[in-house]
Amino acid sequence: EHVNMRLTTGSVMLACLNAAIQLAFFVLLRSSEYCVVPLARNGAFDPDSTLLDGDVMLICRGRMVPWDEVEEDDYPHVSEVVISIKKSKTDQNRVGVTRSAERTGETLCAVEAILRFVRLRLETGVGNNDEYPFFRWGQDHTQHLRRDSVSKALKHSARALGQLVSE
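Let us look at the structure shown here. (Residues numbered from 1 in each chain as written. Predicted model: local features only at pLDDT ≥ 70, side-chain atom pairs only at ≥ 80, totals over all residues. Heavy atoms only, no water.)

**Here's the deal with the overall build of the chain**
In step 1: Check the secondary structure of the chain and you find four helices and four strands.
In step 2: Reading the chain from its N end, one meets helices and strands in the order α-α-β-β-β-β-α-α.
In step 3: Taken over 167 residues, the chain has a buried fraction of 41%.
In step 4: Across the chain, every contact between residues at least 6 apart in sequence was considered, and the portion connecting residues at least 24 apart equals 57%. (Helix = DSSP H or I, 4+ residues; strand = E, 2+ residues; numbered from the N terminus. Buried < 20%, exposed > 50% of the residue type's maximum accessible area, 1.4 Å probe, protein only. Contact = heavy atoms within 4.5 Å.)

Structure representation (C-alpha cells):
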C-alpha cells in the first residue's frame, strides 16, 4: 500500500510505475515480462520479450477489448486486465501464456492502477501503437519502464517502512 500511495499522483510516469508494480504483483510477473530490456542505447528493445500495447486487453461488460477502446465512462465496468506474454524465461516451449488480474475492489487493485495509467497516458497524447511497449509515457518508445526504475521505487518504499534493503 505504501508504494501505491506514493505513486498515486497526476504524473503519468509514476502512474506507469504503480500500474506495472501492481500488475506484476497480482499476476506474478518477472521484470523481464513487463519492463523493457534495452538492446542498445538508442532505446531499441526486443519486441518478442516486451509487453507491447497490443498485448494488453481489458474485459469490459463481458467483452475483451483493446485497452484504448474502452471509454472512460465504462472504466467502472472493466472487470479484468488480460495480458499476453510472448516469451518468458519460465516458458521453456516458447508458446506464450495469457495472464489476467481481476478487479479487487480494494486499495490495491491492478485493474484500477492500469486504468489510472491508461487515462493519464491517453490524456498526454500517448495512444496505442502495437509496436511500442505498453509501459511507456512518451510519444515514442524511448520513455519506457525499465527494471532499475521498479527496483528503485520498491527499495525506497522498503526503506521508508524501516526495512533493511541491500544495494
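**A look at the pattern of salt bridges**
In step 1: Counted by the stated rule, this structure contains eight salt bridges.
In step 2: Its salt-bridge partner being Glu33, residue Arg99 comes within 3.9 Å of it at the nearest N-O pair. Here the residue Arg99 occupies a position in strand S4 (residues 97–102), and Glu33 occupies one in the loop between helix H2 (12–27) and strand S1 (56–60), the gap between them amounting to 66 residues.
In step 3: Look at Arg99 and you get partly exposed, because its relative accessible area is 23%.
In step 4: Residue Glu33 is classed as buried on the basis of its relative accessible area of 3%. (Salt bridge = Lys/Arg side-chain N within 4 Å of Asp/Glu carboxyl O.)

**Thoughts on helix H4 (residues 147–160)**
In step 1: An ideal rise of 1.5 Å per residue puts 20 Å on 14 residues; H4 measures up with 20 Å between its terminal C-alpha atoms.
In step 2: Where H4 is concerned, the buried positions are Val150, Ala153 and Ser157. All buried residues of H4 project into a common sector of 65 degrees when viewed along the axis, lining one side. Among the exposed residues of H4, those oriented more than 90 degrees off its buried face are Arg147 and Lys152.
In step 3: Downstream of H4 by a residue or two, Gly162 has a phi angle that is positive, lying close to 85 degrees. (Expected span 1.5 Å × (residues − 1). Arc of directions from axis to C-beta.)

Honestly, that's just the spatial picture; any functional story needs more than this.
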